[in-house]
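Summary of the model geometry
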Amino acid sequence: MQSNSYQRGLVMVILGVVFLSFDGLLIRLANTDGWTIVFWRGLLMFCVLGVLCCAGNRLAALRSHPFSSLASALLLGLMSSLFVLAVMNANVANVVVILSTAPLFAALFSRVFLHERVPLRTLVAIAVCMLGMGLVFLGEGAMGMLLGNLYALTAAAAIGGNLTLLRRYPAIDPMTVIAGGGLLSAAIALPMASPLALDVERYSVLALMGLVQMPLATVLINSATRYLPSTEVALFYLVETALGTLWVWWLLGETPTASTLLGGAIVITVLVLHAWMGLQRERQRLRLYPGFADK
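In what follows, the accompanying structure is described. Small disclaimer: the values here were computed from a predicted structure and weren't measured. Within each chain, residues carry numbers counting from 1 in the order of the written sequence. For a predicted model such as this one, the threshold for reporting local features is a pLDDT of at least 70, and the threshold for listing and counting side-chain atom pairs is 80 or more; totals across whole chains, interfaces and linings nevertheless cover every residue. Values reported for side chains reflect all heavy atoms of the structure, with hydrogen atoms and water molecules removed beforehand.

1. A look at unusual backbone geometry
You will see that Asn-31, though not glycine, has its phi angle at about 55 degrees, which is positive. Helix and strand assignments come from DSSP, with helices taken as H or I runs of at least 4 residues and strands as E runs of at least 2, each series counted from the N terminus. One can find Asn-31 in the loop between helix 2 (23-30) and helix 3 (34-55). Three exposure classes are used, based on accessible area relative to the maximum for each residue type with a 1.4 Å probe and protein chains only: buried under 20%, partly exposed in between, and exposed over 50%. For Asn-31, a relative accessible area of 51% translates into the label exposed. Even without glycine at this site, His-115 takes up a positive phi of about 60 degrees. By the secondary structure assignment, His-115 is in the loop between helix 7 (102-113) and helix 8 (120-138).

2. Considerations on helix 6 (residues 92-99)
In terms of residue burial, helix 6 counts as a mostly covered element, since 8 of its 8 residues are buried. Of all the positions in helix 6, only Val-92, Ala-93, Asn-94, Val-95, Val-96, Val-97, Ile-98 and Leu-99 are classed as buried.

3. Regarding the packing of aromatic side chains
Centres within 6.5 Å make a pair out of two Phe, Tyr or Trp rings, where for Trp the six-membered ring is used; the pair is then stacked when the planes are under 30 degrees apart, edge-to-face when over 60, and tilted otherwise. Applying the stated rule across the entire model yields 6 aromatic pairs. Between Trp-247 and Trp-250, the aromatic rings sit 6.4 Å apart at their centres with planes inclined by 35 degrees, giving tilted as the arrangement. You can see Trp-247 and its partner Trp-250 sitting in helix 12 (residues 230-252), 3 residues apart, about one turn around the helix. Assessed through its relative accessible area of 14%, Trp-247 is described here as buried.

Keep in mind these values describe shape, not function.
The following block contains the structure:
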């Protein structure tokens, strides 16, 4: 039974990450301004996930934790908006590499706000990732993508902040706040967007993104956390970094710069090692204290 649960979680997270990896490609194919993409992406996600939340009677957690849920929704809305704006102002490869550092932001925020000890391996990972990030920010053509890189860095910090918030308040329902984040991002984008000025092809791409791709990715990845340790789920997010770069490189010819490839290789290698060490420690803890596996 435990083996079947693990396999179920593995299938969910793999499918979820594959769906998520098409995000940058679909933003490129939408071929319109960033605020319009933010509006439709957020509104459509809210419609789909809002229906699922109502059907699944998931609003009780929202009523029980209104302020922390609102804070989480705000961070998710900020992250979603900044991701789109980052892709509009930088190569997708730069954006996904920078976003992959979100777990390190979560570790720092947990130290500052939750007073949790930061392991030595995390401090080393942060130091080495800063080197890789420096290559992304300072490599050839980087000045033309500085704004997009900064958007991506702020989005990574928002993700890290939300992970810290969810750790502090585990009763927050992720699907509910993701739906709320979509609505908030749509409301923020509306004054700058041109939502009714697109052709059928662009609307089709936006519909695919907001009604299918993002909701499926979100539901699958969130559901996988029921069956897999969070460190293992975080490890699969790094696959999205590689796939997200591959799709736009292969299908649209958006070639990453040499400095981005080198910096990305450094960041991904360090994060894989960091996540693997965390996973090994978690498994050792569960072997020593098997009662924690049921909690």
